[in-house]
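A structural walkthrough
Here is how the chains run, residue by residue.
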Amino acid sequence: IDPRSAERAPLPRNMIENSMFEEEPDVVDLAKESPSYPIDSDDAVYEPRSSRLLVRGLGENDLDEDEEDYESSARLLGMSFMNRSSNQRNVASSYTRQQYSESCLKPSTKTTVVGVLILVLVASMIMVIYFLPGCTFTRKGCKKSNSTMDSIYPISTSGEPFPWTELRLPPSVHPVHYNISLHPNLTLMTFQGSVSILVQVLHETKNIVLHGSDMNISKVTFEGKEVHVLEYKPWQQIAIKFPEDLKKGQYVLNINYTAQLSNSYDGFYNSSYVDTNGTKRVLAATQFEPLAARKAFPCFDEPAFKSTFTIKLTRERKYISLSNMPKVKTTDLKNGLQEDEFGKSVKMSTYLVAFIVAEFIGVSNNVSKTKVSVYAVPDKKDQVQYALDTACKLLEFYNTFFEYDYPLSKLDLVAIPDFLAGAMENWGLITFRETTLLVGSNSSSIDKQLVTSVIAHELAHQWFGNLVTMRWWNDLWLNEGFATYMQYMSIETVFPELDMDTEFLNVRFKALTKDALNSSHPVSTVVSTPEQVEEMFDSVSYEKGASILLMLNATLTDGEFRKGVIEYLQKYNLSNTESEDLWNSLFQVSPFLSEMNLWCLQSDCISLFTRTKQRVVLSMIKAVTKLNNVHFYIMMKHSLWHIPLTYVNDSCSVPSSCKQVFHLKDKTATLNLPDQVKWLKFNFRSDGFYIVHYDEEGWKNLIDALKGDVTVLSCKDRAALINNIFALSRSGKVSFRDVLNLMEYIRNETQTAPLTEALFQLGQIFRLLDKRSEFNLASRMTSYIDDHFGSLMESQSWDLESSVSEMTLRSALLEMACSLNIRNCSTQAKHLFDQWFISNKTFHDLMRTVFKVAAQTDEGWGKLLDIYKHSINDQEKRKTLEALASTQDIRKIIWILQRSLDGSVIQTQEFPLVINAICKNFAGYLYAWDFVKENWDKITQKFPVGSFAIQSIIMSATSQFSTKTRLTETQNFFTSLGTNGSQMRIVQEAIETIKLNMRWMEKNLNALQKWL
Ligand SMILES: [Zn+2]
């Protein structure tokens, strides 16, 4: 799956998330202490010849949870009341800058006292009720525990005990083959289904338990005899009980059922769009990963229950149908219907099954033995060629790279008009959003980069995920980390002009940022509930997974990594694996790896280093508190991380051949250097997954070198220095003055990676200041940016198309200039919009910026809305929508929020994008947050709790808060959700982010006053 549904950078990279190196009691910073400081020999090594030793922790954000300010809590009562009753308030004025103040809502002392008393009383009652068992208030009262079977087994819908007590299915029965017949009715939006499952009983058992959800089961037969079925809805399980043990062997289970085509974005769902003639068209498509195959047909819906499938679809003549395998025959039925039958599939997991009934047309091409086709709605048939050419080239690349040919005779790529994820890798039938597959004459080079990335990602899944599948969702990174890594690797080789290198660097920065949070998790994590499974689709599985694979590849010698991967695919094809299986395959090709242990399965693969004179002292301490679940067991045995630490120095620093490696195997180590070395840069090209800190002298030498000549380091190394120093300043390890010192060199910088990273970091600070109403500082930040980037901004051309790298830089510079309203940017953008509107509307990368400027006037906004409604280019539509949502007019903001949630005018799939775009600006971000809170139930009906969409919505809405009031309010809201979201990891991340923002503000506001 490719989750880029909300925006190109899926989770907002909050600047403060980087603040991972906070004070913790077991860390000694001898840079500030005298040498006689008592050092625990286990944690630090005293290095006698040096005057300094720095030992740093690996990122426990030691925030004080208990510290409560009762006064502000009482104030908050008034605040949250206001938020809840926002229907009655004058929304147009509630969120203006003037009214944003914590103190304006302060109630009188009397009100506060009464309020607190009432709160205490209510809270006590709730606690009493909460701790009493639910049966206390029922007519029957409570039964004594363990007196009957009822208290052990869950109760099924019919009132009988359900014979299974776990979320995971029993291992005693396995599916061998499914025959599935489906007849979707696209007028009534229902479907009839019949599934016949050949099962293998592996251990004698009295029960068959499988998944089934949201369906009416009409008849169940087992070996031809009708049997009774039990259903336990909370776990989406159904079961058949037998009076006697089933002997080992194969049996046939038949289930007939009916169901609604789903209105959300998972299961077998209905979708509609309006064609260019204004006619509404409907279609039915599927999205099963991770847990929704069970909504389309009863099945053993876990990735390890692999099986073969034969699928038949009944449809009206005007539609076509598609499934994983090629169509083998079509039969005429009565009533003018037809039934398509597809070939027997390869052995695969249920989440990869897919089918579509729609009015699509496609184009095809052959790559070795595979027919590759791209399908879209007829209006967009001229937008499919780019995807077809790209998919063919990439398929050839992967066939060669993996030394294992794609095993099916066909591969379809289909653009679905209404689709939530970015794309889904169903075997042989990959589904996409239109934005991520179609390329029209209006598409820009950056749009092509996105389409190519998503295709490369999904094609890589045909091997990593489809051919070899993780055994359970805890190892999702084996799918997603690999597909993400392969997507960058393949494009770098096949389409070098797309500059994926810089994109991948940004992805690694993002992964480090997220991983720095305490609430982050190891790439492999225990998951059991549906929400936890949904939550695995986050940037750790994708981006951290990919970063780790890059580090591995960079560590191994040429070809070893590929050899290990080929070995892994050969060994485990058509079966399931765990992380260890991959490590073992890699260990076999590289003895060195076997020494590395499994350090990267842990969270925070982050370390800090410092240098002193000609010796470098390297130190690290494990974040032991995180090693608290079973999957850490192996790592606990080897309690150290072995890091292949790379570095370059002033004598040789840019070509790959300069790279030197130091294998860090202990918590501390000493690296001896020749006397003449002037400076060192660790983590060559930022290929390793760690942040580097130098001591004062180390930073100074690097900065001096850069001020003299920027080319002493590669542009990736320069970008990494910028990224790292911002992270370190937020943790208080370097002063903000040091950040500004490094930034002085930026006036000589011309390359995309360092400049976009600097703009991103400064933009984050600007937004935080703006949202806190620190307008004086925000305007000084504007001047600072103008001063340092202004001449570069002015030198950008508005109309020339150039390389992806240059366009990326140009977009970042001009978007910043226009949003800060400097260097005449807005005037030029307005002019360009007017020209564009009356001309042939050729599109290019700067249109995002141009549209955002145009959307600030009533007239421009109206024109853009019109374009949004009528455009048949999805990329253009999204850019238009982002601009519409960037308006400062609160009435328009409210309108967009409502229309995108109810799906009229604006597709609901765009709701996360809308929230993200609105929250970037001061005008709407508080309203958007209120809207999310008030409509939480509706939102979670559309997007599953824990899903990527929900993660994005929460982070967009809350990640810029930096006050205690907002913190408490956010905590209260999520606590109030109970089972509908309070347990999500993203909630912990959101709260931690706000706390870090608060602390960063405390530490740095004064420094900013002084230095900015
Ligand atoms: Zn994926």
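Residues numbered from 1 in each chain as written. Predicted model: local features only at pLDDT ≥ 70, side-chain atom pairs only at ≥ 80, totals over all residues. Heavy atoms only, no water.

Among the structural elements, Arg810 can be located in helix H19 (residues 804-820). Glu806 is the oppositely charged side chain nearest to the buried, salt-bridge-free Arg810, at an N-O distance of 5.1 Å. In contact with Arg810, other than residues within four places in its own chain, are Gln796, Ser797, Leu800, Ser802 and Leu846. (Helix = DSSP H or I, 4+ residues; strand = E, 2+ residues; numbered from the N terminus. Buried < 20%, exposed > 50% of the residue type's maximum accessible area, 1.4 Å probe, protein only. Lys, Arg positive; Asp, Glu negative; His and termini not counted. Salt bridge = Lys/Arg side-chain N within 4 Å of Asp/Glu carboxyl O. Contact = heavy atoms within 4.5 Å.)

Turning our eyes to something else, we now look at unusual backbone geometry. Most peptide bonds take the trans form, and the phi angle of most residues other than glycine is negative. Geometrically, the link from Glu289 to Pro290 is a cis peptide bond, its omega value of 0° lying close to zero. You will see that Ser368, though not glycine, has its phi angle at about 40°, which is positive. For Ser368, the position within the fold is in the loop between strand E16 (361-367) and strand E17 (370-376).

Glancing now at the UniProt feature "active site" (unreviewed entry) in the chain. Listed under "active site" (unreviewed entry) in the UniProt record, and renumbered for this structure, are Glu458. Locating Glu458 in the fold gives a position in helix H5 (residues 445-461). (UniProt positions renumbered as here; feature names shortened; annotations may be inferred.)

Attention shifts here to empty space enclosed by the protein. On inspection of all chains with the given rule, the structure shows 15 cavities of 30 Å³ or more. Taken as a whole, the largest cavity encloses approximately 140 Å³ of empty space. Along the wall of the largest cavity there are 16 residues; nearest its centre are Leu167, His211, Arg294, Ser528 and Pro530. Across the lining of the largest cavity, the residue classes break down as 8 nonpolar, 4 polar and 4 charged. (1 Å grid on protein atoms, 1.4 Å probe; cavity = no way out; pocket = protein on both sides within 12 Å on 5 of 7 lines; lining within 4 Å. Points joined across faces, edges and corners; volume = space filled by probe spheres on them. Nonpolar A, V, L, I, M, F, W, Y, C, P; charged D, E, K, R; others polar.)

Now for the nonpolar core. Ranked by size, the top nonpolar core spans 295 residues in total, and within it Phe297 and Phe789 carry the most contacts. Not counting the four nearest positions on each side in its chain, Phe297 is found in contact with Tyr178, Ile180, His211, Met215, Tyr257, Phe288, Phe309 and Val353. By size, the runner-up hydrophobic cluster in this structure holds 5 residues, among which are Leu505, Phe509, Ala719 and Ala720. (Core = buried A, V, L, I, M, F, W, Y, C linked by side-chain atoms within 4.5 Å.)

For the rest of this paragraph, the subject is the pairing of strand E18 (residues 410-416). Counting buried positions over the 7 residues of E18 gives 7, a clear majority of the element. Of the two faces of E18, the one carrying Lys410, Asp412, Val414 and Ile416 and the one carrying Leu411, Leu413 and Ala415 are both buried. The parallel pair E17 and E18, bridged by helix H4 (residues 385-401), forms a crossover whose chirality is left-handed. Looking at chain direction, E18 and strand E20 (residues 429-433) are connected through 5 bridges and run parallel. Across the sheet, residue Ala415 finds its bridge partner in E20, namely Phe432. (Right-handed = clockwise from strand over helix to strand, strands pointing away. Pairing = 2+ DSSP bridges.)

Between helix H17 (residues 752-771) and helix H18 (residues 775-794), the least distance of the axes is 8 Å, while the angle of their chain directions is 160°. Taken together, H17 and H18 sit at an angle that is classed as roughly antiparallel. For H17 against H18, the interelement crossing comes out left-handed. Every residue of H18 that contacts H17 at Leu755, Ala758, Leu759, Leu762, Ile765, Phe766, Leu769 and Asp770 is listed here: Phe775, Leu777, Ala778, Met781, Thr782, Tyr784, Ile785, Phe789 and Leu792. Per-class residue counts for the contact of H17 with H18 are 15 nonpolar, 1 polar and 1 charged. (Axes fitted to C-alpha atoms, helices over the stretch in contact; angles between N-to-C directions. Parallel < 35°, antiparallel > 145°, perpendicular 65-115°, else oblique. Left-handed = near helix turned anticlockwise from the far one by under 90°.)

This part covers the confidence of the model for the chain. The predicted model of the chain has a mean per-residue pLDDT of 81, with 79% of residues at 70 or higher. Considering only residues more than four positions removed or in separate chains, one finds that residues 5-107, a stretch of pLDDT under 50, has 260 contacts. (pLDDT = per-residue confidence, 0-100.)

Further remarks concern the sheet that holds strand E19 (residues 423-424). The sheet built from 5 strands is open, its strands ordered E16-E17-E18-E20-E19 with mixed pairing. Bordering the open sheet on either side are E16 and E19, each of which pairs with just one other strand. Looking at chain direction, E16 and E17 are connected through 7 bridges and run antiparallel. By the bridge assignment for E17, Asn365 is matched with Val372.

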